[in-house]
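# Fold and geometry: a report
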Amino acid sequence: MSKTGKTQIHPTKNSMNENLRASMIELLQVHLASSIDLSYSAKQAHWNVKGSNFIGVHLLFDRLHEEAEGYVDTIAERLTALGGQARGTVQASAEASILDPYPLDMVDSMDHLKRLADNYAKWGGALREAVSEADEAGDDLTADLFTEVARGIDKSLYFLESHFQRA
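This section reports on the structure supplied with the text. (Residues numbered from 1 in each chain as written. Predicted model: local features only at pLDDT ≥ 70, side-chain atom pairs only at ≥ 80, totals over all residues. Heavy atoms only, no water.)

## A short note on the packing of aromatic side chains
Considering all chains together, one arrives at two aromatic pairs under this definition. An angle of 40° between the planes, with centres 5.3 Å apart, marks the rings of Y158 and F159 as tilted. The class for F159 is partly exposed, based on a relative accessible area of 25%. Positioned above the aromatic ring of F164, the side-chain terminus of K114 is 5.7 Å from the ring centre. (Phe/Tyr/Trp six-rings, centres within 6.5 Å; stacked < 30°, edge-to-face > 60°. Buried < 20%, exposed > 50% of the residue type's maximum accessible area, 1.4 Å probe, protein only. Lys NZ or Arg CZ within 6 Å of the ring centre and 35° of its normal.)

## Overview of a nonpolar patch on the surface
Residues F54, I55 and L59 make up a contiguous nonpolar surface patch of about 290 Å² in total accessible area. Looking at F54, the relative accessible area reads 34%, which means it is partly exposed. (Patch = residues over 30% accessible without salt bridge, like charges linked within 9 Å, V, L, I, M, F, W, Y side chains within 5 Å. Areas by Shrake-Rupley, 256 points an atom, 1.4 Å probe, with all protein chains shown as cover. Salt bridge = Lys/Arg side-chain N within 4 Å of Asp/Glu carboxyl O.)

## Observations concerning the environment of L60
As for its position among the elements, L60 is in helix α2 (residues 54-81). A relative accessible area of 10% places L60 in the buried class. Considered as a pair, L60 and A81 are 21 residues apart in the sequence and their alpha carbons are 32 Å apart. With residues near it in sequence (within four places) discarded, L60 still touches L113, F159, L160 and H163. (Helix = DSSP H or I, 4+ residues; strand = E, 2+ residues; numbered from the N terminus. Contact = heavy atoms within 4.5 Å.)

This is how it looks when you write it as structure tokens:
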């Protein structure tokens, strides 16, 4: 296993050059951490939500968690397909996530909806930047992955914001 900077590269027959793979692996690591963070932020909200609209948002938060878990797996598998070593523990994710720590004492459903919307918006913006970065680097497949994930994040943001937006 070779090492480029702090990125470990496993041998692979992938035709991308090692420098590009290392660059994409590091980019994917940040988004792996953020997807894990987002997933468990939604689960934190699911477990602790209170309010008159409890059942609806309780179920929404669980669905958001499940969708984010799918992003976790998709990102980690692309990262490892490029020869990377996924850093997907809770500790590694806490260090690398771009998201602000989720409050542990929050219970009000509207507070959870707004806080999750902030997280989804922040990660959505970072995903759009990642699409551009991967595209400019010449990795169309990673750019496509980020596009797919960003599309899902935007849809989830719409579902969250619809609870507190007014016509």
